[in-house]
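# Structural overview for review
Residue strings, one per chain:
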Amino acid sequence: MPIKPKILIVDDEAVIREIYGDFLEQNGFEVATALNVETALESIKAKKPDLILLDIVMPFRNGFDLYDQVIVDYHDIKFVFMTGYDDDIKITERLSKSGKKWFVKPIKLEEMLEVIRNELSAS
């Protein structure tokens, strides 16, 4: 049996975690979810994901905080960012400078799937 790539979805909105998680599971991924930076860090330590689908704007600590902390210890985890705030100049500038793929929510599921597959196949 082939090993399923592990995706961690980090978003404070339960409906986003559920819809995206169900879709990715149906397309052959092992999915874990986290509602904030702290639960995401616990999940990463317990079972390191291959890719993190990461919301930027969340209460308390944002997605950039998680990204900055994770890349120090886990250089091989891929990231795809998502935001509902594409009109925030600070967010879009940071996303553009990151060189990472990112989406404006709501994400078209097939487009998300293609980007995730491409990210995981790139080394």
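Structural data are supplied above this passage.
Below is a short write-up of the structure.

Criteria and thresholds
- Residues numbered from 1 in each chain as written.
- Predicted model: local features only at pLDDT ≥ 70, side-chain atom pairs only at ≥ 80, totals over all residues.
- Heavy atoms only, no water.
- Axes fitted to C-alpha atoms, helices over the stretch in contact; angles between N-to-C directions.
- Helix = DSSP H or I, 4+ residues; strand = E, 2+ residues; numbered from the N terminus.
- Parallel < 35°, antiparallel > 145°, perpendicular 65-115°, else oblique.
- Left-handed = near helix turned anticlockwise from the far one by under 90°.
- Contact = heavy atoms within 4.5 Å.
- Nonpolar A, V, L, I, M, F, W, Y, C, P; charged D, E, K, R; others polar.
- Expected span 1.5 Å × (residues − 1).
- Buried < 20%, exposed > 50% of the residue type's maximum accessible area, 1.4 Å probe, protein only.
- Arc of directions from axis to C-beta.

## Some words on the packing of helix α1 (residues 14-26) against helix α5 (residues 109-121)
Packed helices, taken two at a time, are described by the angle between their axes plus the distance between the axes. Two numbers describe how α1 lies on α5: the axes approach to 11 Å, and their chain directions differ by 60°. Overall, the two elements α1 and α5 adopt an arrangement that is oblique. As for the relative orientation of α1 and α5, their crossing is right-handed in sense. From α1, Ile19, Tyr20, Phe23 and Leu24 reach across to α5, where they touch Leu109, Glu110, Met112, Leu113 and Ile116.

## A look at the packing of helix α2 (residues 37-46) against helix α3 (residues 63-73)
At a minimum axis separation of 10 Å, α2 and α3 run at an interaxial angle of 25°. Comparing their axes, α3 and α2 come out roughly parallel. Pair α2 / α3 crosses with right-handed handedness. Counted together, Val37, Ala40, Leu41 and Ile44 of α2 and Leu66, Gln69 and Val70 of α3 form the full contact between these two elements. The residue makeup of the contact of α2 with α3, split by class, is six nonpolar, one polar and no charged.

## A few points about α1
Taking 1.5 Å as the rise per residue, α1 with 13 residues should run 18 Å; its terminal C-alpha atoms sit 18 Å apart, in good agreement. Turning to α1, its buried residues are Ile16, Arg17, Tyr20, Gly21, Phe23 and Leu24. Buried residues of α1, viewed axially, fall in a sector of 165°; they line one side. Among the exposed residues of α1, those pointing more than 90 degrees away from its buried face are Glu18 and Gln26.

## Details of α5
Residues spaced three or four apart along an α-helix face the same direction, because each turn holds 3.6 residues. Compared with an ideal rise of 1.5 Å per residue, which puts 13 residues at 18 Å, α5 spans 18 Å between its outermost C-alpha atoms and is within 8% of the ideal. Listing the buried residues of α5 in full gives Met112, Leu113, Val115, Ile116 and Glu119. For α5, the angular spread of buried residues about the axis comes to 170°, placing them on one side. Turned more than 90 degrees off the buried face of α5, the exposed positions are Glu110, Glu114 and Ser121. Next to the buried residues of α5 lie β1 (6-10), α1, β3 (51-55), β4 (78-83) and β5 (101-104).

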